[in-house]
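# Descriptive analysis of the structure
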Amino acid sequence: MVKNKIARNIVALSLGTAVENLFSYFLIIAIARHLGDVGLGQYSFVIALGYLVVLIANPGLDYLLLKEISRSKDLTSRYTSNILSLKITLTFLALFVTFTVSLLLDKNPIVIRSLWIVAIVFSFGNVGSIFSSVLQANEMMEFISLTKCLERLIAFCLGLYFLSTKHSLLYLFLALLLSGTLRETLHIFLARAYVSPRLGFDISLLRSVLIQSLPYAFTSIFLYIYFRIDTVMLSLMINDQVTGWYSAAYKLMDVLTYIPSLVIIAILPVFSKAFTEDEQVLKNLFVRTFRYLVILAVPLVMGVFLLAPRIILFVYKDGFEEAALALQVLIWAEGFVFVNYLCGHLLNMIDKQKIFTKVVVVTTIFNVMLNLILIPKYSYMGAGVATLLSEALIFILMYHFVKKHFIRIPLWEMVWRPAISSLLMAVIILNLDSLPLWYLLPISTVSYFLCFALLGGVNKQDRDVVSAIFSMMGPKKG
């Protein structure tokens, strides 16, 4: 059944992503503690600028591949071979552009060399992502989770070793190169059960792929600017220390964003299939997913806002106190991210990608203008406010277009119970503020869900989903 398949995918991705995020964030903490706020700022700058490779070499091709072969497995070999050829060509172009840009930067030579290594890391990732898309289209989420976990474990172990012995960004990025190469090699090996890696040069198909990918390409360009421009601008306009403070808060947001992303990844193949077979199933699935994301997002925003100073001190120790203010602003933006992420993928999946592209273009221009105005005056806090206002604008536009082209979202019905439950949770947090976080977090979480249930927030569908998830995690008969 569909719900059991989704439950299985969510369980696999949840466990895998939890482990992956754990090692990823431990690595960020290690960078912060060994290299300080300046080192974390440099790391964030290199990653943000190095993403140029992804921007140029992968203009929505993975998304297009996943979308097409999820609908028809017979297209797997033809699409994979031709997109592989196209990606390799674009990757060489991306490496040339990144190298040229690096020569124009007035940065520490270690930062420049680190950028070159990151460009290679992303290049391998671009090619290997074709095969992870094949695995995802065949709903082999367990394999994807396993390779991610293994890559992060190796990256963390090697990265921690180099940070503690060499105290250099350059060696850290070499560790990422080794772990990333292993992950993509595993993706290729595992995907051979569904497709053999070979090059293809079907000119008519390549032309069609390029035309179809144009909306995704434009979206990728503006999403890159939207998500990375604040880090790049802070580093170039202010300094690496301030960038480190902002990045410390932003990295926490990246971890939280995996919650909606893993849900979306799990349901994307089902979304695509339902769109071609039964639109009503797609509508029901979308509304239920939207509701679950709201239920998770509202208390998360409230809790992190109240506990931000303690969270920053607990994670990064001394030297990052200023990051707490940025976290208190960014967490409100994260609340919008939860549902914006879902709405954006829905518009793409129902062939309204041009609308999604327009939303991204408008909000990116808005975001850049805000950053140009606010960063010189208010530094990293200005960047945080720009992000919050931009995410709010995205939500307004997404809500309008989803309502116009697909389905009306019963927003108030979804929000009022989580809001009331979160207020009760806030009272508990404020009154038990002296407790250690290890005690306060589970107490506040239980109080939220208990209040939510008492308000009648749990229905039969919710119980069925929870039951399906637990049945997937439990021992199998046989």
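To be clear, the structure that these remarks concern was listed above.
How each quantity is defined
- Residues numbered from 1 in each chain as written.
- Predicted model: local features only at pLDDT ≥ 70, side-chain atom pairs only at ≥ 80, totals over all residues.
- Heavy atoms only, no water.
- Helix = DSSP H or I, 4+ residues; strand = E, 2+ residues; numbered from the N terminus.
- Buried < 20%, exposed > 50% of the residue type's maximum accessible area, 1.4 Å probe, protein only.
- Contact = heavy atoms within 4.5 Å.
- Areas by Shrake-Rupley, 256 points an atom, 1.4 Å probe, with all protein chains shown as cover.
- Axes fitted to C-alpha atoms, helices over the stretch in contact; angles between N-to-C directions.
- Parallel < 35°, antiparallel > 145°, perpendicular 65-115°, else oblique.
- Left-handed = near helix turned anticlockwise from the far one by under 90°.
- Nonpolar A, V, L, I, M, F, W, Y, C, P; charged D, E, K, R; others polar.
- Salt bridge = Lys/Arg side-chain N within 4 Å of Asp/Glu carboxyl O.
- Phe/Tyr/Trp six-rings, centres within 6.5 Å; stacked < 30°, edge-to-face > 60°.
- Lys NZ or Arg CZ within 6 Å of the ring centre and 35° of its normal.

With that out of the way, let us pick up the overall build of the protein. Across its full length, the protein holds 15 helices and zero strands. In the protein, which comprises 478 residues, the share counted as buried stands at 54%. Counting only contacts in the protein whose residues sit at least 6 apart along the sequence, the fraction spanning at least 24 positions is 85%. For the protein, the accessible area works out to roughly 21300 Å², and carbon and sulfur atoms hold 69% of it.

Turning to the packing of helix H5 (residues 109-137) against helix H7 (residues 169-191), a few remarks are in order. Running from amino to carboxyl end, H5 crosses H7 at an angle of 15°, the nearest separation of the two axes being 8 Å. Viewed along their axes, H5 and H7 adopt a mutual orientation that is roughly parallel. For the pair H5 and H7, the sense of crossing is left-handed. Grouping the constituent residues of the contact of H5 with H7 by class yields 17 nonpolar, seven polar and three charged.

Turning next to the environment of Val-19. Structurally, Val-19 can be placed in helix H1 (residues 2-50). For Val-19, a relative accessible area of 33% translates into the label partly exposed. Placed 126 residues apart in sequence, Val-19 and Ser-145 show a C-alpha to C-alpha distance of 8.9 Å.

The next thing to look at is unusual backbone geometry. Positive phi, close to 50°, is recorded for His-167, a residue that is not glycine. Among the secondary structure elements, His-167 is positioned in the loop between helix H6 (141-165) and H7. The phi angle at Ser-379 is positive, at roughly 55°, despite the residue not being glycine. Tracing the backbone through its elements, the reader meets Ser-379 in helix H12 (residues 353-405).

Looking at the element boundaries, Tyr-161 is found in helix H6. Between the C-alpha atoms of Tyr-161 and Leu-172, which are eleven residues apart in sequence, the distance is 8.8 Å.

The next point concerns the pattern of salt bridges. This structure, assessed with the given rule, holds six salt bridges. A salt bridge links Glu-151 to Arg-183; the nearest nitrogen and oxygen atoms lie 3.8 Å apart. In this pair, Glu-151 sits in helix H6 while Arg-183 sits in helix H7, placing the two residues 32 residues apart along the sequence. Here Glu-151 falls in the buried class, since its relative accessible area comes to 5%.

Time to look at the packing of aromatic side chains. We describe a pair of aromatic rings using the distance from one ring centre to the other and the angle between the two ring planes. Inspection of every chain in the model, using the stated rule, returns 17 aromatic pairs. Between Tyr-43 and Phe-173, the aromatic rings sit 5.5 Å apart at their centres with planes inclined by 5°, giving stacked as the arrangement. In this pair, Tyr-43 sits in helix H1 while Phe-173 sits in helix H7, placing the two residues 130 residues apart along the sequence. Just above the ring of Phe-45 sits the side chain of Lys-107; from NZ or CZ to the centre is 4.7 Å. Cation over ring: Lys-166 sits above Tyr-171, and NZ or CZ is 5.3 Å from the ring centre.

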